[in-house]
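The chain contents come next:
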Amino acid sequence: MKANAFRLYKTGGPSVLKWETVDVPEPKQGEVRLRHTAVGLNLADTYRRIGLYPMKIPGGIGNEAVGVVEAVGPGTRGIKVGDRVGYIGGKTLDGYSERRIATVSDLIPLPDGIKDRTAAAALLKGITAQYLLRDSYKVKKGDTIVVHAAAGGVGLIMCQWANSIGATVIGIVSTKEKAKIAAKNGCHHPIVVSRTKPKFAKKVRELTNGEGAHCIYDSVGKDTWAESLASVRLRGSVINFGSASGNPPLVDIAKTGPLGSPYIARCALVNYTTSRAETMRRARDLFNAIESGAVKIRVNQRYPLKDAAQAHKDIEARKTTGSTVLIP
Ligand SMILES: NC(=O)c1ccc[n+]([C@@H]2O[C@H](COP(=O)([O-])OP(=O)(O)OC[C@H]3O[C@@H](n4cnc5c(N)ncnc54)[C@H](OP(=O)(O)O)[C@@H]3O)[C@@H](O)[C@H]2O)c1
């Protein structure tokens, strides 16, 4: 069978995304053929496209999508034609495609109450928010946390979820419009910062009676790291989980003593979804948060899948808010 899919032959700007017709083979044992109905856009797709994160070249791109099972490999159990499923990883990056072969053990069955587009907008960003808030640092009622890119895809989910746990949420954003969006989604104190020289530590201290926040969730990296370290309270946590402005600088661990001995980690989804059981446990927690209304998934942009290059330009230019889905 033939399908359209993106292929990359080199890393670079959005124009390296090539929309091509490819062969989709029959599924083997343990595999299914999926017809995608919605594909999740993630900033990390642009990191891979530019070569910041490694990826196989030539190859596809995209590690989050939702679809319907069209064919099941011989001898494969536990899944049938017509099942609705999603995924947030797998052996190959083939998310930006109309159809693909997927490994059954990578698939997350979707609850009836969660629509395909919502799931494509929620799975990767929501499971990330889940592990960050529940495990990287365990957010408790009464904590104060700082969420970077608070009006973005992961950011809006984190603000709502942390708010529902009972934490006070300080959000870092780059425009007044984004501050309003964050505030409508659980962020108690949005701080608007300059895009070139973001400063927020002083304001975080003011908002926390001089103590600093319990945890700083920094997905911006290079431009914000020093301010993030200056915003944390005694023995708090500073978690980097993204490199929107470039990788954070090297940490001189001896110099973190005078900063109050914070716990510092670079957290990656792959280290918190180490087995099917772990991924499913986190997915169920996310589905419960969505179904209970604690977290509303904001799909603020939709693009035809073939226009993925434009979606990349827009997310890199910081024009998007909430989640973005690509529709095959
Ligand atoms: N480690 C993990 O497990 C994991 C998993 C998923 C996502 N992430 C990370 O989480 C972050 C959010 O991902 P997302 O897909 O939901 O994206 P997003 O937040 O919707 O978009 C990125 C946002 O980052 C901010 N930003 C700051 N500096 C930027 C720059 N130089 N270029 C572009 N954006 C910049 C912008 O918000 P402002 O304009 O308000 O600053 C922008 O809207 C990303 O850093 C991503 O890599 C990490």
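Residues numbered from 1 in each chain as written. Predicted model: local features only at pLDDT ≥ 70, side-chain atom pairs only at ≥ 80, totals over all residues.

Visitor: Explain the overall build of the chain to me, please; I cannot follow it from the model alone.
Guide: A count of helical and extended segments in the chain gives eight helices and 15 strands. For 328 residues, the compact-globule formula gives about 20 Å, and the C-alpha radius of gyration of the chain, at 20 Å, lands near that figure. Considering only C-alpha atoms, the chain reaches an extent of 60 × 40 × 35 Å along its principal axes. Looking at the chain residue by residue over its 328 residues, the buried ones come to 48%. (Helix = DSSP H or I, 4+ residues; strand = E, 2+ residues; numbered from the N terminus. Rg over C-alpha atoms; globule rule 2.2 N^0.38 Å. Buried ≥ 20, exposed ≤ 12 C-beta atoms within 10 Å, placed from the backbone.)

Visitor: I would appreciate a short explanation of the site of the ligand in the present structure.
Guide: Neighbouring residues of the ligand: 28 residues in total, closest Gly152, Gly153, Ser174, Gly242 and Leu269. Those elements that provide at least two residues to the shell around the ligand are helix 1 (43-50), helix 2 (116-136), helix 3 (153-165) and helix 8 (308-316). Residues of the shell around the ligand, tallied by class, amount to 14 nonpolar, ten polar and four charged. (Near = placed C-beta within 6 Å. Nonpolar A, V, L, I, M, F, W, Y, C, P; charged D, E, K, R; others polar.)

Visitor: Even after reading the chapter, I still don't get the sheet that holds strand 11 (residues 213-218), so can you show me in this structure?
Guide: Through backbone hydrogen bonds, the strands of a sheet pair up, either in parallel or in antiparallel fashion. Read across the open sheet, the six strands follow the order 10-9-8-11-12-13; overall the sheet is parallel. Looking at which strands have only one partner, the edges of the open sheet turn out to be strand 10 (189-192) and strand 13 (263-266). When strand polarity is set aside, the average angle formed by the axes of neighbouring strands in this sheet is 15°. When strand 9 (residues 168-173) meets strand 10, the two strands line up parallel, connected through four bridges. (Pairing = 2+ DSSP bridges. Axes fitted to C-alpha atoms, helices over the stretch in contact; angles between N-to-C directions.)

Visitor: Would you take a moment to explain the packing of helix 2 against helix 3 for this structure?
Guide: Packed helices, taken two at a time, are described by their axes: the angle between them and the distance between them. Two numbers describe how helix 2 lies on helix 3: the axes approach to 9 Å, and their chain directions differ by 45°. Taken together, the axes of helix 2 and helix 3 lie oblique to each other. In this structure, helix 2 crosses over helix 3, and the sense of that crossing is right-handed. For the pair helix 2 and helix 3, the contacting residues are Lys125, Gly126, Thr128, Ala129, Leu132 and Leu133 in the first and Gly153, Val154, Ile157, Met158, Trp161, Ala162 and Ile165 in the second. In terms of residue class, the contact of helix 2 with helix 3 is built from nine nonpolar, three polar and one charged. (Parallel < 35°, antiparallel > 145°, perpendicular 65-115°, else oblique. Left-handed = near helix turned anticlockwise from the far one by under 90°. Contact = placed C-beta atoms within 7 Å.)

The values are spatial; any link to function lies outside them.
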